[in-house]
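The residues making up each chain are set out below.
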Amino acid sequence: MSPSIVHVVDDDQLIQRAMTRLLAAAGFETRTYTSALEFLSAIAPDASGCIILDVRLPDLNGLELQVALGSRGVSLPIIFLTGHGEIPDSVRAIQRGAVDFLIKPVDSNALLAAVSRAMAQDDAARAARATRQALRSRYERLTPRENEVFLHLIAGRLNKQVAANLDITERTIKLHRASIFRKLEVGSMAEMARLAADLGIDPANPATYTKDQ
Amino acid sequence: MPSNVRIVLALAALCVTAVCDRAYAQVRTPQTVLTIHQGAETFPANPIIDAGIEEALKSRPDVPIDYFTEYLESDRFPEEAASRAFEEYLRGKYRGHKIDVVIATTDSGLGFVLDHRAELFPDAAIVYSGLGVISDTARNVGAGIAGIRIGVAYAETLQQALAQNPSAERVFVVANSVTPQTQELIRERFREYSSKAALAFIDEPTLPGLLAAVKEVPSRSVILYQGHQQDDPGHSMYADEIAPLVVAAARVPVYGTSDFFIGSGVVGGVVRDTRETGTRLGAIALRILTGTRAQDIPIEGTRVVPIFDWRAMQKWGISENQLPPGSIVQFRGPSLWRDYRRQVLGVAGALVLQSLLIAGLLYQRRARRRAEHASRRNLALAADADRRSTMSALTGSIAHELSQPLNAILHNAQAGEMLVKSNRATLEMLREILSDIRDADVRATQIIERHRTMLRNHQMEKKPLDIHAVVRESLAFVEHDTKAKQVQVDVELPSESCVVAGDRVLLQQVLVNLMMNAMEAMADTPVERRRVTVRSELGKANVAVSVRDYGSGLPANIDGKVFEPFVTTKSNGIGIGLTIARTIVEAHRGQLQAHNNPDGGATFVLTLQCADRP
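Anyway, here's the lowdown on the structure attached to this text. (Residues numbered from 1 in each chain as written. Chains lettered and ligands numbered in written order. Predicted model: local features only at pLDDT ≥ 70, side-chain atom pairs only at ≥ 80, totals over all residues. Heavy atoms only, no water.)

Turning next to the packing of aromatic side chains. For the structure shown, the criterion picks out seven aromatic pairs over all chains. Relative to Phe150(A), the ring of Tyr139(A) has its centre 5.3 Å away and its plane inclined at 50°; by these criteria the two rings are tilted. With Tyr139(A) in helix 5 (residues 108–139) and Phe150(A) in helix 6 (residues 144–154), this residue pair connects regions lying eleven residues apart in the sequence. Accessibility classification places Tyr139(A) together with Phe150(A) in one group, the buried group. Taken together, Phe86(B), Tyr89(B) and Phe112(B) form an aromatic cluster joined through their ring pairs. Here Arg311(B) stacks its cationic end above the ring of Phe331(B), 4.2 Å away from the centre of that ring. One cation-aromatic arrangement involves Arg548(B) over Tyr550(B); the distance from NZ or CZ to the ring centre is 4.0 Å. (Phe/Tyr/Trp six-rings, centres within 6.5 Å; stacked < 30°, edge-to-face > 60°. Helix = DSSP H or I, 4+ residues; strand = E, 2+ residues; numbered from the N terminus. Buried < 20%, exposed > 50% of the residue type's maximum accessible area, 1.4 Å probe, protein only. Lys NZ or Arg CZ within 6 Å of the ring centre and 35° of its normal.)

Here's what the structure looks like:
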């Protein structure tokens, strides 16, 4: 697991140094970038921590950078630094998952608090991702046939209905179900339904979930 | 945040206090000047000469001076006793005071000062005015002596008296206060006139005696009033109070040898300006206080001026062309009107007619000038207003720009505080923090200063300046805005400077205006095409600065009228900015032109004459 780092993206050297110093004094590890493009080319998909972004960067504007990060699978919380007249942009940023937007001039304590919140959110998100990853690897052990049975079962159908639907005997369905329970490490239908929900599988519309999501 | 700001402010306040303390420490303690006048405080010359001295001493507010005056009344009291009492009085009064300069306004005063110098003024330099001559050896003793030699222009006054009264055969000199030596001096000076007139002294001890003698002066004479000392107990009168009595008693013209007598009825005289003597004494004292050695200041004579009383001239039929060159005529009366009404009316009528004619001829010229002046003033007012509105459009970016250095200061201060609290601060870290705080403060100051010049009212003032520097300064104004509007700015300036005669603020105004127009023209342009190109091309005798955008271009219907007032493509503009810009450029004898580019957008070109290129 890579260490948690505050990524400071700002083209103003004075501000960059000041923020780095402040964050270091508060015990955060930082890395600085003078442009959005520089940051994009340096960031790894599994990076952890958070990003502090000035919304006016000379090459890419902060919101565009956020979209670019999303397409690269980077899901770090972003703290936007904005000027006073830029609230609508910031609202958009929040809707896309920014943890905070701070209006310049930014109070040092507010910045540190926002960074702490972002770090906590990233930790929680990564824990959730790890859990989901584990669930997914269990789910991926199912054979195509077992998956078909699984989707019918979580849709609430009875063994008999599933057997009729798939044109196999009810006894075979029971064997599939036992195998599915063992592979998914669940002990009941209720547990299995919760696992499906955690994986984001909609039983009414199973096509919404694809394995490479 | 407020606590951090307070820390920064407290630090700044400490620095300021330290600087002030040092400045105060440099202020010198006042030096002391004492003037010894002769006679009572009310003696006519004393307040005048004293005012002159004070005026000169106060001319240098940076030289603090304690100024005192004392009056040696040896004229009214037995000299030796008065002198002794005065000495005791001064000794008691100024005990513990170091006196730096003593000014003696008369010979008696100087005598007193020199007699008691060792006890009373051991450290003081002496400045005097008087008839006496001080030898160079005497001048070098102690802190030295400097001064002004007063000459009484007896001969010059007499010469005027005889020239203006050619029939005069005798001169009567009223001078009972004058010493035998002075009388001898007067006789000596008069010797060359002895062929023209005989000299006699009226030396009566009492006022009635004097006036009786004056009454007896026969016609074909003039009287030279040198002064009369009257210390009859209970009837003490100063010489200038006696002057009008002498004039009233005399049947012949009276001339005076002091400026105090002018106005009392004497015809005039070649006299010195008492007040000027005062200011010169003060100026000499000041030179000594500011470091010149007294003995190094040459002793100069007083300046004398011929001054005459217009009324007395009328009475004795003396015309102005009988006066010497440079004469001052005082008390001109209104009798011209009374005596020459018809001639005055005629001349005045002619003058009025002539003036009317001239006024008529000048009318158009004046009207044109006034119009020109008004239009210049209107341009300045309009330019001020336009600049203000441009600046107010940039206010948002001022706030943004300022927030950067302010935030840097705040974060640095907070980081410093945290490091110090947790004992992790090294000297090197704190030094870097302080250095960054200072840099940020300098930047904030520059931002404020830049905008302040643009917001001030401004009168056009052409100076040689590098147009490329002006372009770069103008770019700094809009830099923040270009980022906010995601406009890429390409700057193509030759490395060599180009000097033009221009007004920095007004040319910046034009360029900022063009750049902001360029950005606004691209509001609907896709981000990747939002570019402003600012370039400069040097010609043989001129320089062309162009601002090009990739926006919508100038609409065909207003293409040719873009510089006319109230023509605008902006929904929120009134269309005056470019009109003012062109007027400013034309006031620089330059040109401002606009055209659409073949590949989209518009280009504005500012052409100015180069001053002699290096």
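Don't stop here, the text continues.
Before going further, it helps to examine helix 8 (residues 180–190) of chain B. All names here are of chain B. For helix 8, the set of buried residues is Thr 182, Gln 183, Ile 186 and Phe 190. Seen end-on, helix 8 carries its buried residues on one side only, within an arc spanning 105°. Exposed and facing more than 90 degrees away from the buried side of helix 8 are Pro 180 and Gln 181. Residues of helix 8 that are buried sit in contact with helix 7 (154–164), strand 6 (170–175), strand 7 (198–202) and strand 8 (221–227). (Arc of directions from axis to C-beta. Contact = heavy atoms within 4.5 Å.)

In this section: the packing of helix 1 (residues 13–25) of chain A against helix 5 of chain A. The angle between the axes and the distance between the axes are what describe a pair of packed helices. All names here are of chain A. At a minimum axis distance of 11 Å, the contact between helix 1 and helix 5 shows a crossing angle of 65°. Crossing hand, helix 1 versus helix 5: right-handed. Along its contact with helix 1, which presents Met 19, Leu 22 and Leu 23, the element helix 5 presents Ser 108, Leu 111, Leu 112 and Val 115. When its residues are assigned to classes, the contact of helix 1 with helix 5 shows six nonpolar, one polar and no charged. (Axes fitted to C-alpha atoms, helices over the stretch in contact; angles between N-to-C directions. Left-handed = near helix turned anticlockwise from the far one by under 90°. Nonpolar A, V, L, I, M, F, W, Y, C, P; charged D, E, K, R; others polar.)

A separate point is the interface of chain A and chain B. Each partner contributes residues to the interface: chain A has 28 residues there, and chain B has 25 residues. When residues of chain A are sorted by the area they lose upon contact with chain B, Leu14(A), Arg21(A) and Arg56(A) head the list and together hold 29% of the total. Where chain A meets chain B, there are five salt bridges. As a salt-bridge pair, Arg21(A) and Glu432(B) come within 4.0 Å of each other at their nearest N and O atoms. Counting the contacts that link chain A with chain B gives eleven residue pairs in polar contact (both at pLDDT 80 or more). Of all the secondary structure elements, the ones that give two or more residues to the side of chain A that touches chain B are helix 1 and helix 5 of chain A. The element that contributes the greatest number of residues to the side of chain A that touches chain B is helix 1 of chain A, accounting for nine residues. When the residues that make up the side of chain A that touches chain B are grouped by side-chain class, the tally is twelve nonpolar, six polar and ten charged. (Buried area = accessible area lost by both parts, 1.4 Å probe. Salt bridge = Lys/Arg side-chain N within 4 Å of Asp/Glu carboxyl O. Polar contact = N/O pair within 3.5 Å; in protein donor to acceptor, adjacent residues only side chain to side chain.)

Now for the environment of Phe181(A). All names here are of chain A. In this structure, Phe 181 sits in helix 8 (residues 170–184). Residue Phe 181 is classed as buried on the basis of its relative accessible area, which comes to 16%. Taking the C-alpha atoms as reference points, Phe 181 and Phe 150, 31 residues apart in sequence, are found 9.6 Å from one another. When residues no more than four places from it in sequence are discounted, the contact partners of Phe 181 are Val 186, Gly 187, Ser 188, Met 189 and Met 192.

The next thing to look at is the sheet that holds strand 3 (residues 101–104) of chain B. Residue and element names in this part refer to chain B. If you trace the six strands from one edge of the open sheet to the other, you get 2-1-3-4-5-11, paired in parallel fashion. Every interior strand has two partners, whereas the edge strands, strand 2 (65–72) and strand 11 (300–301), have only one. With four bridges joining them, strand 3 and strand 4 (residues 125–130) adopt parallel strand pairing. The residue of strand 4 that forms the bridge with Ile 103 is Val 127. Set on the sheet, helix 4 (residues 107–115) makes contact with strand 1 (31–38), strand 2, strand 3, strand 4 and strand 5 (145–149); between it and strand 4 the angle comes to about 155°. (Pairing = 2+ DSSP bridges.)

Whether parallel or antiparallel, the strands of a sheet pair through hydrogen bonds between backbone atoms. All names here are of chain B. Pairing is mixed in the open sheet, where three strands are placed in the order 10-12-13. Each of the sheet's edge strands pairs with one partner strand only, and the pair in question is strand 10 (268–272) and strand 13 (328–330). Adjacent strand axes in the sheet meet at a mean angle of 30° when their direction is disregarded. For strand 10 and strand 12 (residues 304–309), the ladder comprises five bridges, and the chain directions are antiparallel. Along strand 12, the bridge assignment pairs Gly 268 with Phe 308.

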